Amino acid sequence: MLPVLRPVPALTPYALVTIVHLSAIGAGADDLVAATKPLLMPALLAGLVLALPVRRSPLLLWGGLALVFSWLGDVLLQNPGDVGFLLGMAAFGLAHLAYIALYLGPLRTQRLPRWGLALGILLGVSWWGSMVAALASWLGSLLVPVALYGLVLGAAAVCALTTRPLVAVGAVVFLLSDTLLAFDRFLPGFSVLDADLAIMLTYCLGQGLIIAGVIAAARQRVSAATHQRDAANRP
């Protein structure tokens, strides 16, 4: 049986790998960037496994799948050309589908009012339409797959609104990362100071916040169940 660590120690390796990776990007150390990128999601997955109080749970199933597909996407996107990009995007699409299953299933904590749901959908559709419109002229044969991926990405961010605030913020930051990536790759003249650093910073932060929220939810449920059991056993 694996030991259960507190969230901060469990996620420390991920934080350290992230710092090294981002520092390598800033320093232009391409070899170190390439070496550390495939380590990000395994470190985060290890933190999730070690910090969860109950490991045989849908939280680990869907969260773990999302991180495995994200790792696969990280690896595939390191290959140059459209084929590597398409395969990487497909892997991340599967990661977001796993996150959607997580958000709407075991991580769902609140029922949005109709106006809140309508607003979330409106914002998601507006973001998707604006992104596709801005990039359509430059995507060529990639228009359909990018548009489909954008739908899944936007849906994941909207579905995250039904979960804990920490998870919802992480999903939105993840969306920001992919938006920066798409604009940087396809939109001529798009300029952000050190775009690679901004993309990976928001990606690592978004993923970290989502998983931290998963851990917090799992621990809160175990604590609540323990209190209820103790209360029931009192004379």
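Asks: Can you walk me through a nonpolar patch on the surface in this structure?
Replies: The grouping of Trp115, Leu119, Leu122 and Leu123 at the surface amounts to a nonpolar patch, some 470 Å² of accessible area in total. Looking at where Trp115 falls in the secondary structure, it is placed in helix 6 (residues 114–139).

Asks: Just checking my understanding: could you explain the side chain of Lys37 for this structure?
Replies: Checked against the element boundaries, Lys37 lands in the loop between helix 2 (30–36) and helix 3 (40–51). Buried within the structure, Lys37 lacks any salt-bridge partner; Asp74 is the closest side chain of opposite charge, at an N-O distance of 4.6 Å. Every residue in contact with Lys37, bar those within four places of it in the chain, is listed here: His21, Asp74, Gln78 and Met200.

Asks: Got a minute to help me understand the packing of aromatic side chains in this structure?
Replies: The geometry of two aromatic rings is summed up by the distance between their centres and the angle between their planes. Across all of its chains, the model carries six aromatic pairs by this definition. Each ring, one from Phe92 and one from Tyr203, has its centre 5.8 Å from the other, and the planes form 85°; the classification is edge-to-face. Of this pair, Phe92 sits in helix 5 (residues 81–104) while Tyr203 sits in helix 9 (residues 195–233), placing them 111 residues apart in sequence. The burial state of Phe92 is the same as that of Tyr203; both residues are buried. With a centroid separation of 5.7 Å and 5° between ring planes, the pair formed by Tyr99 and Tyr103 is classed as stacked. With a gap of four residues between them, Tyr99 and Tyr103 both fall in helix 5, about one helical turn apart. As far as the burial class goes, Tyr99 and Tyr103 line up, both buried. Taken together, the ring pairs in this structure connect Phe92, Phe174 and Tyr203 into an aromatic cluster.

About the cut-offs
Residues numbered from 1 in each chain as written. Predicted model: local features only at pLDDT ≥ 70, side-chain atom pairs only at ≥ 80, totals over all residues. Heavy atoms only, no water. Patch = residues over 30% accessible without salt bridge, like charges linked within 9 Å, V, L, I, M, F, W, Y side chains within 5 Å. Areas by Shrake-Rupley, 256 points an atom, 1.4 Å probe, with all protein chains shown as cover. Salt bridge = Lys/Arg side-chain N within 4 Å of Asp/Glu carboxyl O. Helix = DSSP H or I, 4+ residues; strand = E, 2+ residues; numbered from the N terminus. Buried < 20%, exposed > 50% of the residue type's maximum accessible area, 1.4 Å probe, protein only. Lys, Arg positive; Asp, Glu negative; His and termini not counted. Contact = heavy atoms within 4.5 Å. Phe/Tyr/Trp six-rings, centres within 6.5 Å; stacked < 30°, edge-to-face > 60°.

Function cannot be read off these values alone, since they describe shape.
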